[in-house]
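# Secondary and tertiary structure notes
So you can see what is in the structure, the chains are spelled out below.
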Amino acid sequence: MLRDRWRTLAAVGATLAILLPLAWMWNASRLPDSYDMAAMGYPDWGGGPVDEHHGMAGMHGTAVADLVADPARRADVSETLTVTKEAGRYLVNGTSPGPLLEATVGDLVEVRLVNDGVPDGVTLHWHGVDVPNAADGVAGVTQDAVADGEEYVYRFVVDRPGTYWYHSHQVSHEQVRQGLLGALVVHPTSVDPEVRDQVVVLHRYGSSPTLNGTEGVTTLDADPGDEVRIRVVNTDNGMAPLWVTGAPYRVLAVDGTDLNQPGEVTGEKYGVPAGGRVDLGITVPPDGVRVDFNGTTTLVVGQDPTDGDQPKAPEEFVDLLSYGEPADLGLDVEHPDRRFEYRIGKRPGFLDGRPGMWWSINGHLFPDVPMFMVTEGDVVAFEIHNGSDDAHPMHLHGHHAVVLSRDGKPATGSPWWVDSLEVKVGESYEIAFLADNPGIWMDHCHNLPHAAEGLVAHLMYTGVESSFRVGGDRDNQPE
Ligand code: C2O
Ligand code: CU
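Before going into details, it helps to say that this report is about the structure given with it. Just so we're clear, the structure is a prediction, and the values are computed from it rather than from any experiment. (Residues numbered from 1 in each chain as written. Chains lettered and ligands numbered in written order. Predicted model: local features only at pLDDT ≥ 70, side-chain atom pairs only at ≥ 80, totals over all residues. Heavy atoms only, no water.)

## Let's talk about the pairing of strand E26 (residues 379-386)
What counts here: Partly exposed residues are those whose accessible area sits between 20% and 50% of the maximum for their type, while under 20% is buried and over 50% is exposed, using a 1.4 Å probe and protein chains only. Only DSSP runs of H or I with at least four residues qualify as helices, and only runs of E with at least two residues qualify as strands; both kinds are numbered from the N terminus onward. A strand pair is defined by DSSP finding two or more bridges across the two strands.
For E26, a buried count of six out of eight residues is recorded, marking the element as mostly surrounded by other parts of the structure. As defined by bridge partners, strand E23 (residues 338-351) adjoins E26 across seven bridges and the pair is classed as parallel. Bridge assignment links Ile-344 to a residue of E26, and that residue is Asn-386. With seven bridges connecting them, E26 and strand E32 (residues 428-434) associate as antiparallel partners.

## Describing the coordination of the copper ion (ligand 2)
A four-donor tetrahedral metal ideally has 109.5 degree angles, and a six-donor octahedral metal ideally has angles of 90 or 180 degrees. Condition: Distances decide who is a donor: an N, O or S atom must be within 2.8 Å of the metal, or within 3.2 Å for Na, K and Ca. Water is not included, so sites may look incomplete.
Distances from the copper ion (ligand 2) to its protein donors, His-392 (ND1), Cys-445 (SG) and His-450 (ND1), fall within 2.0 to 2.1 Å. Written as a sequence motif, the donor arrangement for the copper ion (ligand 2) is H-x52-C-x4-H. Of the two residues, His-392 sits in strand E27 (residues 392-396) while Cys-445 sits in strand E33 (residues 440-445), which places them 53 residues apart along the sequence. You can call Cys-445 buried: its relative accessible area is 0%.

## Structural notes on the pattern of salt bridges
Short version of the rule: Salt bridge, as applied in this entry: a Lys or Arg side-chain nitrogen positioned within 4 Å of an Asp or Glu carboxyl oxygen.
Tallied over the full model, the rule gives 20 salt bridges. For Glu-151, the salt bridge identified is with Arg-112, shortest N-O distance 2.7 Å. Placement of the pair is Glu-151 in strand E9 (residues 151-157) and Arg-112 in strand E7 (residues 108-115), with a sequence separation of 39 residues. Arg-112 gets classed as partly exposed once you look at its relative accessible area, which sits at 33%. In this structure, Glu-264 and Arg-250 form a salt bridge, with 3.6 Å as the shortest nitrogen-oxygen distance. Taken together, the residues Glu-264 in the loop between strand E18 (257-258) and strand E19 (270-272) and Arg-250 in strand E17 (residues 250-254) connect sequence positions 14 residues apart. When its relative accessible area of 33% is taken as the criterion, Arg-250 is described as partly exposed. Each of Asp-197, Arg-229, Arg-231, Asp-258 and Asp-279 takes part in salt bridges that share partners, so that together they form one network.

## Overview of the packing of aromatic side chains
Let me state the cut-off plainly: Any two of the Phe, Tyr and Trp rings considered here, Trp counted by its six-membered ring, make a pair once their centres fall within 6.5 Å; the pair's planes then place it as stacked at under 30 degrees, edge-to-face at over 60, or tilted in between. The rule is short: NZ of Lys or CZ of Arg within 6 Å of the ring centre and within 35 degrees of the ring normal puts a charge over the ring.
In the structure shown here, the tally under the stated rule is 10 aromatic pairs. Judged by centre distance (6.1 Å) and plane angle (80°), the ring pair of Trp-416 and Tyr-429 falls under edge-to-face. You can see Trp-416 sitting in the loop between strand E29 (409-410) and strand E30 (417-418) and its partner Tyr-429 sitting in strand E32, a full 13 residues away along the chain. A relative accessible area of 9% means that Trp-416 is categorised as buried. Here the aromatic cluster, defined as three or more aromatic residues joined through ring pairs, consists of Trp-126, Tyr-152, Tyr-154, Phe-156 and Tyr-166. Here the basic side chain of Lys-269 rests over the ring of Phe-317, its NZ or CZ set 4.6 Å away from the ring centre. In this structure, Lys-424 is placed above the aromatic ring of Phe-317, and the distance from its NZ or CZ to the ring centre is 5.9 Å.

Quick look at the structure:
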C-alpha cells in the first residue's frame, strides 16, 4: 500500500520535472501583444577592441523616426505607388511586378505609398538601397504599417548606381510572394547610349514562374554586335540559377556594386540568391543569345541560338570569391572595431508558444537572439556560419558588406560587396562593413518563410531609440 503510494508520487514528480520546465519555456517564449524590438534579445557588443568612451555614450538618443533625408531638399524623382489587393494578389499601380522606378546617382527619390484597400496594412522596403533608417519600411521597427486609406512618404538619396528592388515589409512572407514588389534602377551619371538596358524581375506567382510577369519565353529585339546589360532581380525565396547560351557573359555588378575587371564566363552558370541582383553584360552574336532562368523562364536576345531547344545547364557555378581582379576596399578590414558571430542552427523549442524545430541564432531562438550593437564609424566583421540543414540567403538592411573569406579561404577576386549573401549548408563566410548609417536594421534570412520562423536578428547603433512597436493596435508584423 505505502509502497504503491510512493510509486505514484515518484511518477507524478518525474512527470512534473519534465512538464514544469517545458511549461516555463513555452510561457517564456510567448511574445507580448506589442513590444519594442530594441528591447528584445540580449545586447552583443562584439569581440573586438571596444573604445570605452563610445560604448553607451549619447544615451539621449536619436529616434528612428528622425533619421531622415534632408527635409529641406527637393525631390529629383517623385512617384506615387498605390497598393491594392485583388483575389489574394497585391498590385502596385495596378500591376505586379509594380512599375520600374528609375533614378540617377545622387537623386533624391520621393515615393508616396498609398494603401488603397489592403486590410493588413503595407510598407515599402528598398532592398539594397542604404536609405536613412526612417525610410527602411520595416513595420514596427522603422514605421507603422500603412493602414487602408493611409499613406507614407519615403525619401532617400540614391548614392550608388545599380539594380535594386522594393517590396513590402509588413507580413512580408505573404505580401512579397503575392506580388507586392517592383524594381528600382539607379543609373550612373553618364550612361553609355550604346548599351541596351533590360531589367528582368523573376517572380513565381503560385505555381507560375515569370519574367517581368510573363511565363515562358520573352524576346528582346537586338542586333548582332549590340551590348546588353541584363539586370536580374530574384524576388523569390530560393536561389535562381541562370545560364547563358550562344555567347560568353560578364558579371558586371552584384547587389548594386560594379565588379572590378570582370572576365568573360563560358560554361558556368550563375546563382542569384533570394533578394539578390546581378547585372550581366553580353555582346549579341550573329545567331543571337538566350538566358535561361531556373529552366523555367527565358530571355531571348535577338534570335534564339538554339531554335527553341532547352539548353542544358552547366554543372559549375561562377565563384565570386575568385572572379575579377582585386582592388582597394577602402575599409581597414584587418582591424575591425567589432567582431560578431551569426551562427545559424536548428533546434527544438518554442517560438511564440508554438513547439517545433526552429532556426536558432548562436544557439538561441527568436526573440532571445543577439542584438548586434555598433557605434557609428565602427568597422564591423561578421562570421556567418550555417550549421542548419537548409541554405540561407542572408540580408542586412542599410549596409553593404564585403566578403573576406569562405570556409577560411580568402577572397582573391574583385571586391565582392553584397546585401544578399547565399550561405549554403555547412558554409562559413567572413564579411565586413562600415557602420555608417545609424538606426535599427534587420539582419535576416530572405527565404521569407524562414524569417517568419525566427531567422531574424538586428543591428543597432548606440544612441538610437525606437519609435515604433511590433504588434500593437497597428498590427505591425515585419515578417
Ligand atoms: Cu528584402 Cu528585410 O528585406
Ligand atoms: Cu533561411
